[in-house]
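Chain residues, written in single-letter form:
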Amino acid sequence: MVKVKNAFKKIDYEEALESKIESLEWIAEHNGQFGHFIGGRFTQPKNLFKTINPFNKKEIAKISQGTVTEIKKSIQAARLGLENWQSIGPFQRAKYLYAIARYIQKESRTISVLESMENGKSIRESRDIDIPLAARHFYYHAGWAQLLDEEFQDYSAIGVCGQIIPWNFPILMLAWKVAPAIAAGNSVIIKPAEQTSLTALYFAEICKRIKLPEGVVNVVTGDGITGSHLVSQKDISKVAFTGSTEVGKEIKKNLAGSGKALTLELGGKSPFIIFDDADLDSAVEGLVDAIWLNQGQVCCAGSRLLLQETISKKVEKKILSRMKKLRFGNPLDKSIDMGPLVSFEQQSRVKGLVDKGVESGADIFQCDIPSNLKGYFYPPTLLKNVSPSMEIFQKEIFGPVLSSTTFRTPEEAIYLANNSRYGLSASIWSENINLALDIAPKLKVGVVWINSTNIFDAAVGFGGYRESGYGREGGKEGMYEYLKFNSDHYKIKEARVLKENISVKKQTIPYIDQTRKMFIGGSQKRGDSGHSIGIFDNQREEIATVGRGNQKDIRNAVEAANKQMNWTILSSHARAQIMFYIAENLSQRRDYFISLLSSTSSCQNPSQEFDTTLERLFTFASWADKFDGVVHQAPIRANTIALNEPVGVMGIVCPDLAPLASFITLIAAALCQGNRLIVIPSENFPLPAVDMYQIFDTSDIPAAAINIVTGKHDELIDTLSEHNSVDGIWNFGDPKYEAKIDRASVSNLKQIWSVNGNSVNWINYHASFNKLLLQKSSQVKNIWIPYGA
Amino acid sequence: MPLDKNYNRREMDPVIVKNSGSPLKLELINEVRINKSAVEKRCASVINRRTVKKHNQAAWLLKAITCMDLTTLSGDDTESRVLRLCNKAKNPLRNDLLEDLGIEDLNIKVGGVCVYHQFIRTALDNLQGFNIPVVAVSTGFPAGLTPKKTKILEIKESVRSGAQEIDIVISRRHVFSGNWNKLYDEISEYKEASGNALLKTILATGELGTLKNVAKASLVCMMAGADFIKTSTGKETINATLPFTLVMSRAIREYFELTGFAVGYKPAGGISSAKDCLSHMILIKEELGSKWLNPSLFRLGASSLLSDIERQIEHFATGQYSSFNRHGIA
């Protein structure tokens, strides 16, 4: 009992290890070797590789490397499972999801220990954060499974989904992927990261124990090669990936033109902004959760610290003394803050990036890691005096490294925060509600935490802007990622060939020569090329010319749309007013437009198309101030506001069919949400679009809200798709451009939506299609606002 | 005078400089920002980030005993009641447990005995030679609404009777009116009146309405010279909670960084289980460091906590869960 006496003198912590007996028992039951889980059965272990405990570098178990054979088998199983899964209906599906949630809770400690052993995260995190959230995700989605028919009646399941998850939150990312997918009636093949397969395999066993119908969930283990086999298979309808931006872009390229649905949750370099009126001690504590949670291996880690100049010294001092309190050790020790990084590769990568940062002039402060720790540890690091031009301020490090810089004004804070390719999350610390709520919408990120950080809930969508990916996980918005809109609602039953299939009386076109210009930055502009394209009527007579746009015209239009934000910052009421006014002004020119439409075979019924167009303007003007966000009720004391924000600068490629109605429908939907547009109108008959600019001119619409560049689609689409200042593209033009646009847009990961516009029933689609257009013209930003007097 | 000449813990610890106060810095008071959600999150998380088990837990609980102001503050207190308390203060643990743990020579006894003025002499007589300070509550405890004159007199009388520590209650109305000057002056006068005795200022945190008020009042009391800041009288409906401990610990840290004076912390009331007690200790260690976990800077105002600690220590010593009736009561 000398121990008590010594401990009395020190009053310190000692190692307190969580038991791993149950977890080891489970591994032993499998003889330390695991196969894949395909069609409800574990396969014979084959092509084995070791999974390593990063704390002691020892082997935990052997895992099978999936080959194309297993991938094919799993897809086959998923396809077989799909039919049954869909036939049993919402209530039965909900029961299974509920059972999964219960089992994750019942086996929570075993799963936590496996997670910490394999990943290196502290048992506190796996036990208190990851596993409870994973269970919550299945509970929440059991609910969506139950409500599927009443809440998503215009949608149906996509089919077989291939899902690839990273090693940083293995079971939680699995839950984020599997829960919404199967709740929506899909079946899945999930491929865990090769560093962390065990909890996915444990999850497979839970599926077996609850007798989940065979083939609904399949787990195929292996490395990136296995993953690339999975995404490249023809028979999957959807790919969901969470991981690095590089791999995400690779997948995006590979899937170009495949028509497969895709969600990407990628990297980040999230700002953590502290204003001088913040609760500084709490902000510093928040920082611990932001950058040292899971050793900083978090896609939404608050890795860029922005400090108001007046308090920067004080806060830096607080951070340094807080860093000294961090404890390191065995991930299973209940008294540590940080374990090792996941692997040697990760450790070397972080080290390399930090060394470069120091070389480029940053001041470095690091904690001492006890020398007896031999795992892949990397010390918590603060890099001070970092400038935005340094790589460490821009590049995702994915380690416990914080880069700090200062700002002088709220505007500068926003400017610095948005100076990033990424746009995943941000944290704002201020006790001034005016300030915090002003900053939040101005940050180009998917999630904002006010006076908090790294909090998640199944009811609140998570996902990023820009190169952080697209699509959301969680919330109702996350369900849409696993559902497809019923195409009967908008597609023409039988696609018609656009020919002169109606006889129209030849209209008299005015004698004076008509040269339509482009519309860029609010004024009519002659094209840069000095070439024109003749536009022909249905009698094959040239009735006008339009400019043959080139890359410079696109560049100028994008430039203008990026510079002039007026349309976006208008109130939604003002946007609605202007759009009603456009309709009013258009209605005065009814006769002209009807006569114009009569001269093209792309229009089936001129007066009907014109009247529909007016109605569409009214519809979307009406929506401008009604497509509101929601307030989520996450199970903490906070309001979480889900704001619908515009995509930003959007390119729209218009079809030939119904050249006025399709043009106006698309731009009205995008405009009403506050997007600024670069529109490439119908190639064959752009006249209704370009003739609109006179109406725009007289309708008070701010300059550069809409820019029109005419010309050959083939010559314009590349520049538009490649332009890094364009945030999204709707391709309603020829489907042959789909793959091209997908590929060209990879560089900044634009949000792409491709629909064959010539197969859309523009005059008489189902009203629910309007909602789809609104969804596609907006993205959800979730702002967490904890409160308390 | 039965004042124990050996008693001056502060001078025994060379690191700790007795707080001689500072001018009232209103700009500092006005800068105070407390985010309740973040404070609560920190409290919820810190107790899951750290744990002490087995011999280590036993050691921490022994430390808690040495920091305990064993308290009786009831209208029906009598000399016999106080004597019983004092006897427990001298022998907080069963002898066989001390032997089992091999800690007889640690001389485990409580940090102080806290009584009303009336019983100071009784306690002093009983505790003579044991180096256990007698603590008297004062200034119209618990409401603090008696005339200022009599409050000062009360302190002086208690000090004259031999109380080595004075726990005063602040005028809550000065907090609600934001009259920090008045609060500062009031405490300064108490400080003067208490002479060499330690001055603990009870904020009655459960009545102050917001954590921000708690932080501000903490700072003002320290600037005015408080040796300890204490949460509660034990008579409010909400007493010592973790958020109060966090906010007050941070205030102590700020004052320490500002002046170099280490002020003690005393949570009182509401901590009745060993587990709760450890949570507060962990939070203090994390925010202030181990230095604060000793009787010169940490006291626990408690009456029933000791019984639970005794049970936990017996469990550690024997491996069997214990029962209340196996330990002598206070």
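Residues numbered from 1 in each chain as written. Chains lettered and ligands numbered in written order. Predicted model: local features only at pLDDT ≥ 70, side-chain atom pairs only at ≥ 80, totals over all residues.

Now for unusual backbone geometry. With an omega of 0°, the peptide bond running from Phe 141 of chain B to Pro 142 of chain B counts as cis. Mapped onto the elements of the fold, Pro 142 of chain B is located in the loop between β3 (134–138) and α8 (148–161). One non-glycine residue, Leu 749 of chain A, adopts positive backbone phi at about 50°. You can see Leu 749 of chain A is positioned in the loop between α26 (738–744) and β34 (751–754). The buried category is assigned to Leu 749 of chain A, around which 25 C-beta atoms lie within 10 Å. Phi angles above zero are rare outside glycine, and Ala 204 of chain B is one such case at about 55°. (Helix = DSSP H or I, 4+ residues; strand = E, 2+ residues; numbered from the N terminus. Buried ≥ 20, exposed ≤ 12 C-beta atoms within 10 Å, placed from the backbone.)

All names here are of chain A. Read across the open sheet, the 3 strands follow the order β1-β5-β4; overall the sheet is mixed. Looking at which strands have only one partner, the edges of the open sheet turn out to be β1 (33–34) and β4 (48–53). Bridge analysis of β4 against strand β5 (residues 58–64) gives 6 bridges, and the strand direction is antiparallel. In the sheet register, Lys 50 faces β5, and the bridge partner there is Lys 62. (Pairing = 2+ DSSP bridges.)

With that out of the way, let us pick up the nonpolar core. The biggest cluster of nonpolar side chains holds 250 residues, and the ones touching the most others in it are Val 448, Met 579 and Ile 667 of chain A. Take this core: its biggest share by element is 12 residues, from helix α6 (residues 123–151) of chain A. In this view, Val 448 of chain A contacts Ser 425, Ala 426, Ile 428, Ala 440, Leu 443, Lys 781, Ile 783 and Trp 784 of chain A; residues no more than four positions away in its chain are not counted. Val 32, Val 115, Tyr 190 and Ala 226 of chain B belong to the second-largest nonpolar core, a separate cluster that totals 113 residues. (Core = buried A, V, L, I, M, F, W, Y, C linked by C-beta atoms within 7 Å. Contact = placed C-beta atoms within 7 Å.)

Turning next to the interface of chain A and chain B. Of the residues lining the interface, 33 residues belong to chain A; the matching set on chain B comes to 31 residues. For the side of chain A that touches chain B, the leading source of residues is helix α1 (residues 2–10) of chain A, giving 6 residues. In the side of chain A that touches chain B, the residues fall into 12 nonpolar, 6 polar and 15 charged. (Nonpolar A, V, L, I, M, F, W, Y, C, P; charged D, E, K, R; others polar.)

Moving on, we come to the packing of helix α22 (residues 606–624) of chain A against helix α23 (residues 659–672) of chain A. Residue and element names in this part refer to chain A. At a minimum axis distance of 9 Å, the contact between α22 and α23 shows a crossing angle of 5°. Taken together, the axis directions place α22 and α23 in an arrangement best described as roughly parallel. Facing α22, whose interface residues are Glu 609, Phe 610, Thr 612, Thr 613, Arg 616, Leu 617, Phe 620, Ala 621, Trp 623 and Ala 624, α23 presents Leu 660, Ala 661, Ile 664, Thr 665, Ala 668, Ala 669 and Cys 672. (Axes fitted to C-alpha atoms, helices over the stretch in contact; angles between N-to-C directions. Parallel < 35°, antiparallel > 145°, perpendicular 65-115°, else oblique.)

All names here are of chain B. Confidence in the prediction for chain B averages 94 pLDDT; 95% of positions are at 70 or higher. Ignoring residues within four places in sequence, the model shows residues 1–12, a span with pLDDT below 50, making 17 contacts including any to other chains. Model confidence for the complex: the whole-complex pTM is 0.95, and ipTM, which rates the interface, is 0.94. (pLDDT = per-residue confidence, 0-100.)

Let us look at the pairing of strand β8 (residues 187–191) of chain A. Residue and element names in this part refer to chain A. Across the 5 residues of β8, 5 count as buried, placing the element largely inside the fold. With burial as the criterion, each face of β8 is covered, one bearing Ser 187, Ile 189 and Lys 191 and the other bearing Val 188 and Ile 190. Summarising the sheet, strand β7 (residues 160–164) and β8 pair through 5 bridges and their orientation is parallel. Looking at the pairing, Gly 162 lines up with Ile 189 of β8. Crossover connection from β7 via helix α7 (residues 170–183) to parallel β8: handedness right-handed. Bridge count for β8 against strand β9 (residues 217–219) is 3 bridges, and the pairing is parallel. (Right-handed = clockwise from strand over helix to strand, strands pointing away.)

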